[in-house]
Structure formats: C-alpha cells, structure tokens
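Notes for the structure review
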Amino acid sequence: MQQNIDIITVTFNNLKELQRTYQSLLSQSDQQFCWIVIDGNSKDGTKQWLEAIRPPFAWRWLSEPDTGIYNAMNKGRNYIEHRGYSLYMNSGDELYGPDVIHKLRESLYFANITAKPMPLLIYGDAVNISQSGTEHLCCSRLPQHALKGMVTSHQAMLFNNQLLALVGYDERYQLSGDYDLMCKFIKASDFFNRPPLRLQIKICKFYLDGISVVQRQKALKEDYCIRRKVMEASHIMASVLFVSHQIHYLLKKILPELMFSLRSK
C-alpha cells in the first residue's frame with residue numbers, strides 16, 4: 001500500500017525564505033508529494049505569490065491569522081492525507097538534495113513490506129548551516145536518547161498521519177512544541193510496539209539563526225516540563241538535564257566548531 005508524503009510549511013512575512021523552500025521542492029527528482037503551506041496572513045506579498053505559482057506537485061495552502069507557530073502547524077494537519085507521513089519544513093528550510101523524496105519514498109516502500117504495522121515515527125540526519133555558511137552534519141540519535149533532547153532536527157522527522165491527526169502540537173509551548181510532539185510519538189511507539197525507523201539519510205538542511213540567551217532559557221524551562229510530564233522523568237533527572245543543556249549551550253557559544261564536530265560523529 002502506497003504511503004503518501006505531506007510536507008507542511010508554515011510562514012509569516014517571510015516570502016524570500018518561503019521561495020527558497022519552494023525551489024528546494026521544485027528540484028526534487030520525485031514529485032510524488034503534497035506541499036501544504038500555512039501562511040499567517042502575511043503582508044509581504046506571500047498571499048499574492050501563492051495565488052500566482054503553479055507547482056508541478058500537489059499542493060494546498062491557507063492564509064489567515066494564527067495565534068503562533070504551533071497553532072499554524074496544527075492547522076496543517078487539516079490538509080494531510082489519512083495514509084502516510086508528514087514532514088514539517090518551515091519557510092527557509094530545504095531538503096538536503098534533489099533525491100531526498102525519492103529516497104524517502106523508497107524507504108517507505110521497503111518499510112511497508114518489512115514492518116507490520118508501519119512505524120509511527122521515521123527520521124534521519126540533518127545538516128545545519130551556521131551563520132558563517134559552514135555546513136555541519138547533525139547525526140541522528142537512537143530513540144532511547146529522547147529524554148536528553150531531540151534525536152534529530154524537527155525538519156528531519158516524518159510523523160505518521162493517523163497519529164498526527166489525533167495528537168498534534170501542544171500550543172501552550174512557544175519554543176519546544178516540536179520536542180513535546182517527538183516525545184509523544186516515541187512514547188506511543190513503545191506503547192503500541194511500533195519502533196521508530198531511523199534512516200541513514202540526510203533529509204534536510206536549515207540555517208541557524210542564533211537563538212538568544214533569553215529564548216534558550218525559556219526553551220530549557222519548557223523542555224524541563226516536557227521531560228517531567230511526557231517522559232515521566234524525576235525532578236532530579238530533569239534538573240540535571242536542565243543544567244547540562246545550559247552548559248552545552250554556553251560551550252556552543254564559545255566553541256561552536258568543536259561542538260558541531262562532536263555532534264557529527
């Protein structure tokens with residue numbers, strides 16, 4: 001049975017970056033996917049551009065106000081196929097190369113043959129591009145590492161559509177909703193005995209924008225809550241991870257190249 005791929009892009013007043021994502025999708029050798037664009041009622045010409053384009057692949061779009069990024073991401077769920085997987089790529093994100101969709105569809109085909117039932121979560125590697133333009137491979141981790149943090153970049157994860165339609169993003173979070181969703185999918189994978197599928201594929205590349213210290217502290221606090229609530233970690237364990245991530249963030253600020261090289265191994 002064929003598994004569909006839906007690519008959901010949320011955007012707001014970011015037309016230039018949205019066009020970069022569009023060009024990445026146009027370059028794909030396999031056009032068997034559906035692009036879903038959720039625009040937050042932008043005033044920079046995004047809506048007019050969406051009305052004018054005629055992509056060769058299936059697509060749907062919506063332009064209306066939202067209450068935040070995770071509210072917009074949840075709206076994208078209204079347009080996904082019942083059967084298949086969704087990949088979230090924000091405006092400016094790109095697939096790593098022109099054969100990514102082909103490789104993903106090929107992997108889904110073999111998984112459909114060998115895995116009964118299909119995994120709830122499929123993921124691969126990502127490539128981060130620093131502000132200096134340097135590419136850094138971000139190798140995915142085993143799902144057992146989810147308590148520590150993201151097992152890969154959000155843009156390198158494919159979520160099972162049937163579960164995604166039921167779960168979605170917790171809109172109470174402002175920065176860590178992607179971590180919350182990943183943890184819920186991994187917990188569900190354990191409960192239903194449908195282990196995540198880790199692919200040896202570079203799925204995406206995206207540009208690091210240099211998160212501020214204040215934002216990082218807020219994200220760490222949200223991560224703490226998710227570890228306690230979803231991953232059922234103890235207060236001590238969640239606190240230790242909170243401090244360790246603070247140290248890791250400071251080291252990345254001081255020694256970025258070294259920290260990136262350690263993650264790529």
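Everything in this summary refers to the structure shown in the same document. (Residues numbered from 1 in each chain as written. Predicted model: local features only at pLDDT ≥ 70, side-chain atom pairs only at ≥ 80, totals over all residues. Heavy atoms only, no water.)

Comments concerning the packing of aromatic side chains
Applying the stated rule across the entire model yields 13 aromatic pairs. A ring pair is formed by tyrosine 109 and phenylalanine 110, whose centres lie 5.4 Å apart and whose planes are at 75°; its orientation type is edge-to-face. On the accessibility criterion, tyrosine 109 (52% relative accessible area) is exposed. Classification of phenylalanine 110 by relative accessible area gives partly exposed; the value is 48%. Of the aromatic side chains, those joined through ring pairs into one cluster are Tyr22, Phe33, Trp35, Trp49, Phe57, Trp59 and Trp61. (Phe/Tyr/Trp six-rings, centres within 6.5 Å; stacked < 30°, edge-to-face > 60°. Buried < 20%, exposed > 50% of the residue type's maximum accessible area, 1.4 Å probe, protein only.)

Topic: the pairing of strand β1 (residues 4–11)
Extensive coverage of β1 is indicated by the burial of 7 of its 8 residues. Bridge count between β1 and strand β4 (residues 84–88): 5 bridges; the pairing is parallel. Within β4, the residue paired with isoleucine 5 across the bridge is tyrosine 85. Where β1 and strand β2 (residues 34–39) come together, 6 bridges link them in parallel fashion. In the sheet register, threonine 9 faces β2, and the bridge partner there is valine 37. (Helix = DSSP H or I, 4+ residues; strand = E, 2+ residues; numbered from the N terminus. Pairing = 2+ DSSP bridges.)

What to know about the nonpolar core
Counting residues in hydrophobic clusters, the biggest one holds 33 residues, and the most contacted among them are Ile7, Phe33, Trp35, Trp49 and Ile203. Put simply, the parts of the chain that give this core at least two residues each are β1, α1 (15–26), β2, α2 (46–52), β4, α4 (100–114), β6 (121–129) and β9 (197–207). Once residues lying within four places of it in the same chain are set aside, the contact partners of tryptophan 35 are Ile7, Thr9, Leu18, Tyr22, Leu25, Trp49, Ile53, Phe57, Ala58, Trp59 and Arg60. Among the nonpolar cores identified, the runner-up in size contains 32 residues, and Ile38, Tyr88, Ala146 and Ile226 belong to it. (Core = buried A, V, L, I, M, F, W, Y, C linked by side-chain atoms within 4.5 Å. Contact = heavy atoms within 4.5 Å.)

Some words on the side chain of asparagine 74
Within the secondary structure, asparagine 74 sits in helix α3 (residues 69–76). Within the structure, the side chain of asparagine 74 is placed 2.8 Å from the side chain of glutamate 171, a separation counted as a polar contact. Those residues within four positions of asparagine 74 in sequence are excluded, and the remaining contacts are Gly168, Tyr169 and Glu171. (Polar contact = N/O pair within 3.5 Å; in protein donor to acceptor, adjacent residues only side chain to side chain.)

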